[in-house]
Amino acid sequence: MSAAPLLEDGPGLDDLLAGRLPDERGRFGPFGGRYVPETLVPALDRLEAGVKRYLHDEGFRGCLAAELRDWVGRETPLTPAPGLGRAWGAEVWLKREDLAHTGAHKINNALGQAMLAKALGAKRIVAETGAGQHGVASAAACARVGLPCIVYMGAIDCERQSPNVDRMRRLGAEVVPVTSGDQTLRAAIDEALRDWVSDPEGTYYLLGSAVGPHPYPYLVREFHRVIGDEARKQILERAGALPDMVAACVGGGSNAIGLFHGFLGDPDVAILGFEAGGHGAELGDNSATINFGRPGVLHGSYSLLLHDEHGQVQETHSVSAGLDYPGVGPEHAFLHTVGRVRYEWISDTDALAALDECCSLEGILPALETAHAFAGARRWAAEHPGGRILIGLSGRGDKDMPTLAKFPPGVREGDAE
Ligand SMILES: *Cc1c(COP(=O)(O)O)cnc(C)c1O
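These figures come from a predicted structure and were not determined experimentally.

Colleague: Now, about the site of the ligand: what can you tell me, with residues and values included?
Modeller: Taken together, 17 residues form the shell around the ligand, and within it Lys106, Ser209, Gly253, Ser254 and Ser394 come nearest. Interatomic distance of 3.2 Å between a backbone N/O atom of Gly252 and an oxygen atom of the ligand. Contacts to the ligand include Gly253, whose backbone N or O atom sits 2.8 Å from an oxygen atom. For the ligand, whose accessible area on its own is 390 Å², the fraction buried by protein is 97%. Taken together, the residues of the shell around the ligand sort by class into 4 nonpolar, 11 polar and 2 charged. Looking at which domains feed residues into the shell around the ligand, each of domain 1 (28-68 + 106-217) and domain 2 (73-104 + 224-404) supplies at least three.

Have a look at this one:
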């Protein structure tokens, strides 16, 4: 387990539920805050003022709700999954973010922030992307609100994810390959921050997960909260009761935090987050930050982190590009430390098997990221016969076809070259 600091006299779950967290310094207990160079502080202050002004403003909320309905396609359905239910001896429900525009939950945040940028008078938007999903969502949202979009993407990722580069350019975005640092997501975030600092008034930085300096983890969570709010209402209508367990995959943690917020205040609902266990428990073999990480600072926020004893951030591995990140959002570190959410890890092999099972029993191809939540839910079901399970189906797997080509149905990881 991680050596998270104990919250002896610190805030607890009650403070979170009552809206007292993040506190005025942007902290969830010891986690979060702003660990940034002086040059970034004015830009973050401006953003925070904008968030206070617009996020709960009635006019802004109304416009956002209309766009979520008309352009994103919300609300997304809650789908019963009787095939998986029979196979697992459980009652299974799926919250279908894969049916949102551009194929995943990421559009909720991208659209919300693009609309906020417009309201704040920004002239251009910068974003980072790893696998390209957030870049595609940002490019689409910027086209919709009518702002130019510049996406920083590691040169290695551009190579690996060339169809998404084409999609972004087709949607009108400028994609800038980043050749510094590790040439992947970490370097892309650094480059996007650098761009933002050079013009904090005219430029808006559209961050893609519930990570980064305050107010991003809070802002991103608020835009994804719609997932949990809808799911709670839908399952009460359809099943007549709350779920016994709620499951989501956790990379930076944005789809999970949005879903979890619908149920954090229901003590009888077990909440589980599933991280990418990759090849196993060794440092470097996985991206399971809460399971194997230790406290540290990455991208402006104090949270749990995969780094060695010298503080060197580690290379990570996951078969799913969207979970392949050495950090995790500070609110998840908090929920782990206060014990409200249990975080477990799932191997590449188990995720692939779960993906195939969902395809064959439900006729739904989930993203490889999402498959981690299915594998975790299956394991929980084996220990809780007859349980009612709600799974956050964060995105569709069409984007994963090049990766999946290496793993034909029935052939498991150890068999592929
Ligand atoms: C990006 C992505 C994730 C991981 O990001 P979070 O911020 O942890 O939600 C999960 N599922 C899908 C489909 C994604 O595209």
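Colleague: Summarise the packing of aromatic side chains; cite the residues concerned and give the values.
Modeller: Each aromatic ring pair is specified by the distance between its two centres and by the angle formed by the two planes. Inspection of every chain in the model, using the stated rule, returns 7 aromatic pairs. Between Trp196 and Tyr216 the ring centres are 6.2 Å apart and the planes differ by 70°, which places this aromatic pair in the edge-to-face class. Taken together, the positions of Trp196 in helix α9 (residues 185-198) and Tyr216 in helix α10 (residues 216-239) put the pair 20 residues apart, joining distant regions of the chain. Summarising the burial analysis for this pair, Trp196 and Tyr216 share the class buried. Put simply, the rings of Phe31, Tyr35 and Tyr302 pair up and form one aromatic cluster.

Colleague: An account of the environment of Asp195 is requested, with residue identities and associated values reported.
Modeller: As for its position among the elements, Asp195 is in helix α9. The exposure class assigned to Asp195 is buried, which follows from its relative accessible area of 10%. Not counting residues up to four positions away in its chain, the partners in contact with Asp195 are Arg124, Val126, Tyr152 and Thr203.

About the criteria used
- Residues numbered from 1 in each chain as written.
- Predicted model: local features only at pLDDT ≥ 70, side-chain atom pairs only at ≥ 80, totals over all residues.
- Heavy atoms only, no water.
- Near = heavy atom within 4 Å.
- Polar contact = N/O pair within 3.5 Å; in protein donor to acceptor, adjacent residues only side chain to side chain.
- Areas by Shrake-Rupley, 256 points an atom, 1.4 Å probe, with all protein chains shown as cover.
- Nonpolar A, V, L, I, M, F, W, Y, C, P; charged D, E, K, R; others polar.
- Domains from an automatic or database assignment.
- Phe/Tyr/Trp six-rings, centres within 6.5 Å; stacked < 30°, edge-to-face > 60°.
- Helix = DSSP H or I, 4+ residues; strand = E, 2+ residues; numbered from the N terminus.
- Buried < 20%, exposed > 50% of the residue type's maximum accessible area, 1.4 Å probe, protein only.
- Contact = heavy atoms within 4.5 Å.

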